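Analysis of the macromolecular model
Listed here are the chains, written in short residue letters.
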Amino acid sequence: MACRSVVLLAALLGAVSSSAHAASAVINELQAGSIIDGKLEETDASSLLGVPYDVYHLVGVPQDMVLTVAANSADVDLSVTVKYVDAGWTDGDLLSLGDKGGDYGASGGIELKGPADLLVEVRPANGKKFGAYSLRVEAADRADYYRVRAARQALSGDAGDIATIKRPKNAPEPVVVVDAPAATVYAPFPALAPVPGYPQFDEARALYNELTAPDWQPAIRTVGIGATLDAAGTPIARITGLAFCEGRKGPVEVRFLPGGETQRQLTSLRAREADCAGAASGSSDGLYTFSDGTTLIGKLQLRRNDLRVRALGPVVVWNRDGLIAGTAAADLQVTPLAVWNPATGIVLAALDGGTTASKTAQPGRLIYPGIGAIDGQVQAGRFVPPTEAHFVAEDGSYKTTGLIVESKGAPQDAVRRKPIEGVADDATTYLLAGLTRIETTANTVLGPAGAYLYHGTLEAGALPAEARPEPATLARHALSAADCTIKPALPIGWLPWGPNCATAPNRLDAWSVDGRYRLRYVADLEVRLQEFAPDLPGHVMSEWRAAEFSADRVPAVVGNGELWRNDQLVYRGAFEGLLPQGEGECSGETPGITEPCSYLSGERVDALHLARMEQKKLDDGRDAATTARLKAEAEEKARLERIAQQEAQRQAEAQAAAQRAAAQRAAQLEAQRRAQEQAEADNGFQWGKLAALATGAVIGGVTQLDSQTQANLLAGAVQDSMGGVDGMSNTSAAIGSAGGGGGGMASALSPSPAGGGASFATRPNTLIGSAACPGYSNDNYKEFFEANSTGPDVQLHTMCAAAFNYYSAYLNAIRQGYSEAQCNQTYGAFQSTASVATNFYETTRTR
């Protein structure tokens, strides 16, 4: 009985009965990519000669077909026979396989030159032992198939589970270049301290070190084609090969061969366990690598007859950018939860179940493994710090609060922490700047638990030894000074800082309550009084050194002493309070050399110093004058450049405006021309043709004819100017009737200008305001004619419009520079046509 479960493709498409076998036999459909879980039972209704069996129908097409059978129990021996459908069960086998129970399975292939209709029979080899089995059907690329087989033979001495493809008789096996992949060289796992809250990094390190140890040996080793994305970027879902879920137990290693033109290529795989506890799929802890150097470490999903493993669930991705702890849904599609950057030594982590890749800001943390962390937000893979940040030590021993800034390396005056191994000095880091407050819960380099102030730049995780205890902290630990061996007489209102004695028994510090002054007593050395600016705790402004100071609230130098600033001697001699007073020694212009000097109430007044100050004033004045002159010249130059730029811009804008206006005017004229042409086309009247015909008629002598003949000629010209009329047949006929020729008319059609502008008076349009043509003007005659061209007086309107058209031609001839005689010819056409119109009007009015 075939108890079928589809694992890869749709293996069972249905069942059909076959008349060629027992009535109870069922033939199950197979296709490439199927994995069938079947079972032979003694009570199976499908039997042949009393032996239970399962029958499958397979339509194979090139590429070649490979079948693999495996018994699921040591008590089962299987026999598989493959035949062509039309060969019948009594003919020779096309392929025979036998598998003993508990073994790794048997496989064989059929080299197909075209589509093949095949029958597959699975039965117990001895006819008695029944049980479960698996049957796989694959389509194999011939070149890759033999290549993998040769690589496995080179790797382990035999082809292992690779079948021999059955070829046509006398067909030699292809020659294959053996390119068995060498063992992968695994680099040491990155040196990363434990990251609080993200044990995946430590778990990945432990698993990686286990699977890449020099003495690690796999129980199963095989070879496959490593392509996972083809040249077009399409995922390759399956890599054929037997390694997982086959009943074999123990560690497994797969080495992958290059797969031609691909966008992604597997190179190696190692896993703790290949077995799937009898199932067709399962999981195991392992790692696999790609050709670009990326390694995935974590839980791997395994499938029978498929070397294409995938990370699933918690995973660590190791690539050239560092380590990513996250959750994998598919290869390299990892939701990052924490990302370690080896260039900075910093881990960027998301909190509350978020992801560092979120496009919107969400709670996040900047972690310095082994040192401490800063809370803020993460967005698109970057840390978004708060305005005021808290750096909290990993062991909780201190918290530093201040303004946080991102920096490329730390400035020279910054307090640095111990360098992180492998991180360059100029790597990106975060600094706490300005006034910072440090709260400690245990002894640190600052002293016992308490609150301290410091002004300056601190690298995250650094503690400034010169931080000033807050008054409450001073008071809390003042009594501990009783155990110090040094017991000086302190100024009035000062507090001893007893914690010094625990680490330096020969030293005692004392502070003024306001924190502005500190006295430092060291055995066998002079006493030092240091002054701090109220708003710059941690930075010494001035230091006095003397054998003794007074016990006043602000101590005074007793006897001679020294004044130092910025680690340089300023004055050595007598003091009045803390101010230099009288004759002494001062630092000269040459480092390390002193010179005599005089002070009065803290001001140096010796002639040498005053001369230098006077010279400095002169130099500064000259420098100031030079600077002012250069500044004025630069400002004037800039002003002139601005003016030039503004003028150039103005001219460019004016030119552009002129060009736009010209283009607009040209467009308007073109639109008017097109509108006129369209109107003429719509009206069906050709004004230009009428003007040419009438002008030719005048030149040809039509004005010498009687009024009726002139009217006939004009009527013919009008008819020849109607829309759709070509030529001048009507005009020619009228001229012929009048006994005239066309020479003059022909010559009038192409007059030549005399050149130059007109120097004669323009003759008037005598029809304007006349009774014959009321309403007509030089500007509106075409529109007026069109408006009246269908009325009862169409003949009169035609004559008026023709006359105005000739007068327009007369004006145009003047504009184009024709001579007065030539222009008068056109004017004569106007006069003749105007006369015809007037006579016609007079004649029709008297009827």
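Reading the values: rules and limits
- Residue numbers run consecutively from 1 along every chain, following the written order of its sequence.
- Local features are withheld for residues below a pLDDT of 70 in this predicted model, meaning they are given only at 70 or higher, and side-chain atom pairs are given and counted only at 80 or more; totals for whole chains, interfaces and linings count all residues.
- Hydrogens and water are ignored here; the side-chain numbers use all heavy atoms of the structure.
- Throughout, disulfides are identified as pairs of cysteine sulfur atoms within 2.5 Å of each other.
- In this description a helix means any DSSP run of H or I spanning at least four residues, a strand means any run of E spanning at least two, and both kinds are numbered starting from the N terminus.
- Each residue is assigned to one of three classes by its accessible area relative to the maximum for its type, calculated with a 1.4 Å probe on protein chains only: buried under 20%, partly exposed between the two thresholds, exposed over 50%.
- Note on definitions: salt bridges are taken to be side-chain nitrogens of Lys or Arg within 4 Å of carboxyl oxygens of Asp or Glu.
- Working rule for helices: expected span equals 1.5 Å times residues minus one.

Counted by the stated rule, this structure contains three disulfides. Between the sulfur of Cys245 and that of Cys276 lies a disulfide, 1.9 Å long from S to S. Taking the sign of the S-S torsion, -50° for the link of Cys245 and Cys276, the bridge is left-handed. Taken together, the residues span a long stretch of sequence, with Cys245 in the loop between strand S15 (227-230) and strand S16 (252-257) and Cys276 in the loop between strand S17 (262-271) and strand S18 (281-290) at a distance of 31 residues. One disulfide in the model links Cys586 with Cys597; its S-S distance is 2.0 Å. Here Cys586 and Cys597 share a disulfide; its torsion about the S-S bond, 75°, makes the bridge right-handed. Here Cys586, found in strand S39 (residues 579-587), pairs with Cys597, found in strand S40 (residues 594-600); they are 11 residues apart in sequence, far enough to count as distant. Judged on exposure class, the residue Cys586 and its partner Cys597 are both buried.

Quick look at the pattern of salt bridges now. Under the criterion given, the structure shown has 32 salt bridges. Among the ionic pairs, Arg612 bridges to Glu595, the shortest N-O distance being 2.6 Å. Remark: Glu595 occurs in strand S40 and Arg612 occurs in helix H5 (residues 607-683); sequence separation between them is 17 residues. Classification of Glu595 as buried rests on a relative accessible area of 12%. The salt bridge partner of Lys616 is Asp620, with a shortest N-O separation of 2.9 Å. Note that Lys616 and Asp620 are positioned in helix H5 at a spacing of four residues, about one turn of the helix. Residue classification places Lys616 among the partly exposed positions, given a relative accessible area of 45%. Each of Glu589, Glu595, Arg604, Asp606 and Arg612 takes part in one network of salt bridges that share partners.

Here helix H12 (residues 820-846) spans 38 Å end to end across 27 residues, near enough to the 39 Å set by a 1.5 Å rise per residue. By the burial criterion, the buried members of H12 are Cys823, Thr826, Tyr827, Gly828, Ala829, Phe830, Ser832, Thr833, Ala834, Val836, Ala837 and Tyr841.

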